[in-house]
Amino acid sequence: MDFRFNEGSIPLLVSMPHVGTDIPDDIAARMTPQALIKADTDWHLRELYGFLQEMDASVLSARWSRYTIDLNRPQEDTNLYPGQDTTGLLPNDTFHREPLYLAGREPDAADVQRRLQRYWAPYHAQLRGELDRLLRVHGAVVLWDAHSIASHVPRFFEGKLPDLNFGTADGASCESGLTSAVVDIARAQDAFTVALNGRFKGGHITRHYGQPASRVHAIQLEMCQCLYMDEAMPFGYRPDLAARVQPLLRQMMEAAVAWVAR
């Protein structure tokens, strides 16, 4: 399979487009040793969000590494943050500007089309299909796009990132009432710092599928990896740290479901 998918019964679909670690052999053969470390993976989100099974939420998570193709970029590879540095549909370098491909082995236009059809399209077909199913059943749905990132990424952000970075495309992907239902809970605690529509406003999935007028409300959460794992190799999961943030994550997601089901 090109992804993992669990069908749930509540009006919530959680997407994890950057958890994948697989790189096809023919692509890996063209890559640098640094690329094969896959440091920019959204590590361990399936474990962190393990409570979703108890909630009976639908969960879609990627198999393929973002270095194979970035599932959270538009097919046209337009820059989601005009004027700012970002990585593209088929990244050529890591978050620290290290080359992903051996010299002369970078992907070309034909690679883009092949990977879109082979790896990008199946994930998005499943995402669209599950949103439509949940809409038929419930009449409204929350799409939660789950991400994580190293707490210090100078390429994109000066200093340490806020712990919890919510994005709603400046309010376009989600009704304000739902945003408040989630973010007010985050801001009511003092263990973790919070930002809304700061450096991370939501990627392609949030912006494309979030259609409040059609009762699909999308919100992205980009969280610092130091909250639940070791950011240095071998990128180990830290259940002791995760246990501190998991109750908050669950509370926010339950509030989102309650809001959309009201």
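Residues numbered from 1 in each chain as written. Predicted model: local features only at pLDDT ≥ 70, side-chain atom pairs only at ≥ 80, totals over all residues. Heavy atoms only, no water.

A. A look at the sheet that holds strand β6 (residues 194-196). Reading across from one edge, β1-β3-β2-β4-β7-β5-β6 is the order of the seven strands in this open sheet, with mixed pairing throughout. The sheet terminates laterally at β1 (3-6) and β6, the two strands that pair on one side only. Across the sheet, the mean angle from the axis of one strand to that of its neighbour is 15°, orientation sign disregarded. As defined by bridge partners, strand β4 (residues 141-149) adjoins strand β7 (residues 216-224) across nine bridges and the pair is classed as parallel. Considered in β7, the bridge of H147 is made with E222. Strand contacts of helix α5 (residues 176-187): β4, β5 (164-167), β6 and β7, with the helix running at about 160° to β6, the strand carrying the most contacts. (Pairing = 2+ DSSP bridges. Helix = DSSP H or I, 4+ residues; strand = E, 2+ residues; numbered from the N terminus. Axes fitted to C-alpha atoms, helices over the stretch in contact; angles between N-to-C directions. Contact = heavy atoms within 4.5 Å.)

B. Up close: helix α4 (residues 109-138). Between its first and last C-alpha, α4 extends 41 Å over 30 residues, near the 44 Å set by a 1.5 Å rise per residue. The largest bend in α4 comes to about 45°, at W120, with the proline P122 one to four residues further on. Along α4, the residues that are buried comprise D111, R115, L116, Y119, W120, Y123, H124, L127, E130, L131, R133 and L134. The residue sitting at the N-terminus of α4 and contributing the capping side-chain oxygen is D108; that oxygen lies 3.1 Å from the backbone nitrogen of A110. Residue G139 follows α4 closely and has a positive phi angle near 85°. (Expected span 1.5 Å × (residues − 1). Bend = angle between axes of the 7 residues up to and from the residue. Buried < 20%, exposed > 50% of the residue type's maximum accessible area, 1.4 Å probe, protein only. Polar contact = N/O pair within 3.5 Å; in protein donor to acceptor, adjacent residues only side chain to side chain.)

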